[in-house]
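# Residue-level structural notes
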Amino acid sequence: MALSDQDRADLGSFGYAQELFRGMGGFSNFAISFSIISILTGAVTLFGYGLEMGGPLEMTLGWPLATIFTLTVAASMAELCSAYPTAGATYHWAADLGGKGWGWLVAWLNIVGLIAAQAGINYSCAQFILPFLNLPSTALNLFAMFGFILVTQGVLNHYGIRLVALLNDFSVTVHIAGVAAVVLALFVLAPKQPVPFLFEAVNSNGRPHYWWAFVLGLLQAQWTYTGFDASAHMAEETHDPRRRAPWGIVLSVGVSGVAGYLLLLALTLAIRSLPAVLGAKDAQGEQIPAVIAILQQGLGAKAGNAMAALASMAMWFCGLACITSASRALYSLARDHGTPFAEQVRRVSPRHGTPAPAIWLIVAASMAAMLWTKAVPVVTSLSTVALYLAYTLPIALAWRARRGGSDWPRQAVWSLGRWGAPLNLVAMVYAGIICVVLTRPPNELAGKTLIGLLAGLGVLYVAAARKRFQGPDWIRKRVS
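Analysis parameters
- Residues numbered from 1 in each chain as written.
- Predicted model: local features only at pLDDT ≥ 70, side-chain atom pairs only at ≥ 80, totals over all residues.
- Heavy atoms only, no water.
- Helix = DSSP H or I, 4+ residues; strand = E, 2+ residues; numbered from the N terminus.
- Buried < 20%, exposed > 50% of the residue type's maximum accessible area, 1.4 Å probe, protein only.
- Contact = heavy atoms within 4.5 Å.
- Areas by Shrake-Rupley, 256 points an atom, 1.4 Å probe, with all protein chains shown as cover.
- Lys, Arg positive; Asp, Glu negative; His and termini not counted.
- Charge placed at Lys NZ, Arg CZ, Asp CG, Glu CD.
- Expected span 1.5 Å × (residues − 1).
- Phe/Tyr/Trp six-rings, centres within 6.5 Å; stacked < 30°, edge-to-face > 60°.

## Points about the overall build of the chain
Tallying secondary structure elements over the chain gives 22 helices and zero strands in all. Taken along the three principal axes of its C-alpha coordinates, the chain extends 65 × 45 × 45 Å. In the chain, which comprises 480 residues, the share counted as buried stands at 60%. The long-range share in the chain, meaning contacts at least 24 apart out of those at least 6 apart in sequence, stands at 85%. Surface summary for the chain: the accessible area is close to 17,800 Å², and the carbon and sulfur share equals 67%. Charged side chains in the chain number 31 positive and 21 negative. The centres of these two groups are separated by 4 Å.

Written as C-alpha cells, this is what we have:
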C-alpha cells in the first residue's frame, strides 16, 4: 500500500474522509510550527518588556529556563499527536481521554489562544513596518497596517495552500538567515557591553521584589513558545503524520531555543543604555520597540531599519502560519458540530482544498481581539495562558489515563516510553505556574478576560452545547 493510501486509511479509522489537501513533508510540517514560534517575532516584540522586568539577566537566564521546561510540554504533546494524528489535535486528545466536555473546552481555548496570538503577531509586525516606511506610529496607522497584513494572510490561506506551504518552508530560511545576519552584524559592527553585563539583575519597572519581576518577564520567552501545536493541526495534510508531526513539534521548540538564545545575547550585549533603549521614541515622539532602538543605535539608522525590515518579514510569515493553524482547529471542531453554524463553518473549498469560512472567521476575530485588548503585552499574555491551558489539560488527562492503564500510549509510534509519566508531570506543573503568573498585574486584563471567557464557555456548554454537541463520531462509536 502506498504511503498516501496508508495515511488516508489511517485517517479513515477515525471516521474522517481525506478532505484537506495532503501535500506536506516532514520539513514543511516542522516549518509551520517553527514559523509560528518565530523567534524574530516573540523574542523581539517583547524584548523591551522582558528587559524592563528583569534586565539583562532576563535574557541570559530566563530564555534557557523557559526552553527546557517548554520541551517537556512539547514532548508530551508530540506523543499524543502520534497517537491521534488528526487536525483536531488537542481537542481530540482531550475528548478521547476525558470526554466530550473536556474536548469542547480545550478546542475553544486553543482557538481563542490562536486568535489572540494572531492579533499580537500582526500588531507587532505593524509596529516594525511603520518605522521602516518612515510613517508615524499613531493608533490609526498601526491598526490600518494591522488590518492590511491580516487580509493579505487570509487571501493566501484561502487561495494558495501550496504557496503557503512553500512560504512556510522559505520562512525557516528567513528566520535562520535573519538571526545569523542580526547576530553577526551586532557582534562585528556594534559597540558591545562587557560579558558581566549579561548577568545584571535590573528591574526598571520598579517592582518591590526582583524575583517577581523576573518571573513576570518570562512572558517574553513563553509567548514565543506558543503555536507549536500547529504541526499537530496539520497532521491531515502531512505524509506519515504519526512520525513526522511529532518531530515537527519537538524540533520547532529545540531549534528555536538555540537560535533564539544567540539572538538575545547579541541584542543584550549591544545595549548602550537601558533607559535610552526602553524610552526610545521616533521623530514624532511615538514609542518605538526596544529592538529597533538597539539596532539603530548600534548599527546606524539605515542598517538598523534594514534589520527591522527583516524582522517584520519574519513576523508576517509567523502570522501567515498562525491563520493556517487556527483555521484548522476551528474547522475540526465545526466538522464535529461543535460550533454555531457548523455546517457553514466546516465547508472546504473544493477547488483549493482549504477551509475558507474558518479562515475568514479567524481573520475577523483577530481584529476584534486587538480592538478589545489595545495592548500587545495583554493580548500576548491572554494567548499564552489560553494556549497553555489547551496544551496542559490533554496532558493531564493523558497522565491520568496512563496511570489508569489506558492503552493510548501503545498507539503512539513516536513514544516517550517509561519517561512519559514523569515528563507529563513536569510539563503540567510548569504550565500551571505560567498560567497563574501571566495573569497577574500588569496583565490582569488577560486574567479577567480569561475568567470571563471560561464563564461564558461554561454557560454556553450547559445551555446549548452539552445537548447538541456529541463529540467526535469515532469516540462515540468506540464507546458504544
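Next comes the rest of the description.
## As for the side chain of Glu-58
Tracing the backbone through its elements, the reader meets Glu-58 in helix 5 (residues 56-83). Ignoring any residue separated from it by four or fewer positions in sequence, one finds Glu-58 in contact with Gly-50, Met-53, Trp-63, Tyr-210, Ala-213, Phe-214, Gly-217, Leu-218 and Gln-220.

## Some thoughts on helix 16 (residues 301-335)
End to end, helix 16 covers 51 Å across 35 residues, agreeing with the expected 51 Å (1.5 Å per residue, within 8%). Counting buried positions over the 35 residues of helix 16 gives 28, a clear majority of the element. Note on helix 16: the residue one or two positions beyond its end, His-337, has a positive phi of about 65°.

## Let's talk about unusual backbone geometry
The phi dihedral of Ala-89 is positive, around 50°, even though this residue is not glycine. Look at Ala-89 and you get buried, because its relative accessible area is 0%. Of note, Asp-240 is a non-glycine position whose phi angle comes to about 50°, a positive value. Within the secondary structure, Asp-240 sits in the loop between helix 12 (230-233) and helix 13 (241-269).

## Brief notes about the packing of aromatic side chains
Under the defined criterion, the tally for this structure stands at 16 aromatic pairs. Judged by centre distance (5.8 Å) and plane angle (80°), the rings of Phe-170 and Phe-317 are edge-to-face. Taken together, the residues Phe-170 in helix 9 (residues 161-189) and Phe-317 in helix 16 connect sequence positions 147 residues apart. For Phe-317, a relative accessible area of 4% puts it in the buried group.

By themselves, these observations are geometric and do not establish any function.
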